[in-house]
Amino acid sequence: MKRFRHLRKDQKTRDAVAETKLFAKDFIYPYFIVEGKNIKNKIKNFKNVYHFSIDTVIDDLQKTKELGITKILLFGISKKYELIEEAIKKIKNKFPKICIITDVCLCTYLEHGHCGVVNKKGEILNDETLPKLAEIALRHARAGADIVAPSDMMDGRVEYIRNKLNKNNSKKVKIMSYAAKYASHFYGPFRNAAKSAPVFGDRKTYQMDFRNTDQALDEIKTDINEGADIVMVKPAHTYLDIVYRAKHKFPKIKIAAYHVSGEYVSLENYEQLVEVTTAIKRAGADWIISYGAKELIKNELI
Ligand code: PBG
């Protein structure tokens, strides 16, 4: 008889033989930054996620850093470019070792909430959007972002952004592309938090159809060829097969996986979150974006 239970005997043994373990450094922690001062407001239907003003985000980052988290993803909730730029500068100045990743998209800046330029017919225009994305990326880079993360899903944007950064003295800034990003119904709490829901139509003409796998691998390959340093699969929990296939097909590139807002709020407790995020890592993700990263560490679940 093979005695599998030997190695499950007690916690010490189980820990000793565990194949997958999560570390604080695996996580990217997202922040929503708003205008104003002394703001730390709970976001409705989004457990333990807040709107922060720049001053309070700096305070919070001290704790985040102490927990061992080294990477953050910033979303500026403002129609003005300057808010996020100021946030980047101040964070960089106070915490030079923290890796600052910024979401690059048009949806929070434009009234219609789409990720690209829209014409009179309501079509989302690909090529017209590219210079705008590149401008935003360069602004973030100049403010001090370490990694820019285009989340718009326009074709050709990685190459366009890479060229713009290279031509403007920002060669060292890396690109993490939302490469396989699906048109998902799991983005609800985020869109409420970021005030970025489209006022008409949906995102299905640019984000991927969730019935497809091969195309995700094509999207990832294209982004790598265009110069992406890290590629992302999003959502993560419902798309573990994509994470798995991406890692196996492109073992040399870092794969990030975004455990998105709707997936996060559907969980009942942090024990479930640790199981899910472990599954995401087990499937092949190198970096996991998680709204619960801090709680996992605080509660000593990882
Ligand atoms: C913006 C963006 C979205 C998310 C990250 N960047 C929303 C969307 O594409 O509609 C979703 C993140 C989440 O749900 O946690 N383009």
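Counting restarts for each chain: residues are numbered from 1 in the order of the written sequence. Residues qualify for local features only when their pLDDT is at least 70, as the model is predicted, and side-chain atom pairs are given and counted only at 80 or more; totals for whole chains, interfaces and linings, by contrast, use all residues. Side-chain metrics rest on all non-hydrogen atoms present in the structure, leaving aside hydrogens and water.

Draft legend 1. Structural detail: the overall build of the protein. By definition, any uninterrupted DSSP run of H or I lasting at least four residues is a helix, any uninterrupted run of E lasting at least two residues is a strand, and each is numbered from the N terminus. Looking only at helices and strands, the protein features 11 helices and 12 strands. For a compact globule of 302 residues, the expected C-alpha radius of gyration is about 19 Å, and the protein comes in at 19 Å, within 12% of that figure. Along the three orthogonal principal directions, the C-alpha set of the protein runs to about 70 × 45 × 35 Å. For the exposure calls, accessible area comes from a 1.4 Å probe over protein chains only, and a residue counts as buried if that area is under 20% of its type's maximum, exposed if over 50%, partly exposed in between. By the burial criterion, 55% of the 302 residues in the protein qualify as buried. Long-range pairs, those at least 24 residues apart, make up 74% of the contacts in the protein between residues at least 6 apart in sequence. Shrake-Rupley sampling with a 1.4 Å probe provides the accessible areas, and residues are treated as covered by the protein chains on show and by no other component. Of the accessible surface of the protein, which amounts to about 15,000 Å², a share of 49% is contributed by carbon and sulfur atoms. Lys and Arg are tallied as positive, Asp and Glu as negative. Neither His nor the chain termini are counted. Note on charges: their place is set at NZ of Lys, CZ of Arg, CG of Asp or CD of Glu. The average position of the 53 basic charges and that of the 38 acidic charges among the side chains of the protein differ by 4 Å. With the radius of gyration taken over C-alpha atoms, the globule rule is written as 2.2 Å times the number of residues to the power 0.38. Should any heavy atoms of two residues lie within 4.5 Å, those residues are considered in contact.

Draft legend 2. Looking closely at helix 10 (residues 270–283). With 14 residues, helix 10 ought to run about 20 Å at 1.5 Å a step, and its terminal C-alpha atoms sit 20 Å apart, in line with that. Listed in full, the buried residues belonging to helix 10 are Tyr270, Leu273, Val274, Val276, Thr277, Thr278, Ala279, Ile280 and Ala283. Its side-chain oxygen 3.3 Å from the backbone nitrogen of glutamate 271, asparagine 269 forms the N-cap of helix 10. At the C-terminal side of helix 10, glycine 284 shows a positive phi close to 135°. Expected helix span is computed as 1.5 Å times (number of residues minus one). The definition of a polar contact used here is a pair of N or O atoms within 3.5 Å, where within protein one atom must be able to donate a hydrogen and the other to accept one, and adjacent residues in sequence count solely through side-chain atom pairs.

Draft legend 3. Examining the site of the ligand more closely. The ligand sits among 18 residues. The nearest are Lys181, Arg191, Lys234, Ser261 and Tyr291. Side-chain polar atom of serine 151 to a nitrogen atom of the ligand: 3.2 Å apart, as the coordinates give it. Out of a free accessible area of 400 Å², the ligand has 100% covered by protein chains. Its residues placed into classes, the shell around the ligand shows 10 nonpolar, three polar and five charged. To be near a molecule or strand, a residue needs just one of its heavy atoms within 4 Å of it. For this scheme, ten residues count as nonpolar: Ala, Val, Leu, Ile, Met, Phe, Trp, Tyr, Cys and Pro. Four count as charged, namely Asp, Glu, Lys and Arg, and the remainder, Gly too, count as polar.

Draft legend 4. Focus on the packing of aromatic side chains. Planes of paired rings set the category: under 30 degrees apart is stacked, over 60 is edge-to-face and the rest tilted, where pairs are Phe, Tyr or Trp rings (Trp by its six-membered ring) whose centres lie within 6.5 Å. All chains considered together, the criterion is met by 15 aromatic pairs. Taking the centre distance of 6.1 Å and the plane angle of 55° together, the rings of phenylalanine 46 and tyrosine 264 count as tilted. Of this pair, phenylalanine 46 sits in the loop between strand 2 (40–42) and strand 3 (50–52) while tyrosine 264 sits in helix 9 (residues 261–265), placing them 218 residues apart in sequence. One exposure class covers both phenylalanine 46 and tyrosine 264, and it is buried. A network of ring pairs unites the aromatic residues Phe32, Phe46, Phe75, Tyr178, Phe190, Tyr258, Tyr264 and Tyr291 as a single cluster. The rule for a charge over a ring is simple: NZ of Lys or CZ of Arg within 6 Å of the ring centre, and within 35 degrees of the ring normal. Positioned above the aromatic ring of phenylalanine 23, the side-chain terminus of lysine 21 is 5.2 Å from the ring centre. Sitting over the ring of phenylalanine 190, lysine 234 keeps its end group 6.0 Å from the ring centre.

Draft legend 5. A look at the environment of isoleucine 124. By the secondary structure assignment, isoleucine 124 is in strand 7 (residues 124–125). Separated by 82 residues in the primary sequence, isoleucine 124 and tyrosine 206 have C-alpha atoms spaced 8.1 Å apart. With near-sequence residues (within four places) excluded, isoleucine 124 lies in contact with His114, Gly116, Val117, Val118, Met154, Thr205 and Tyr206.

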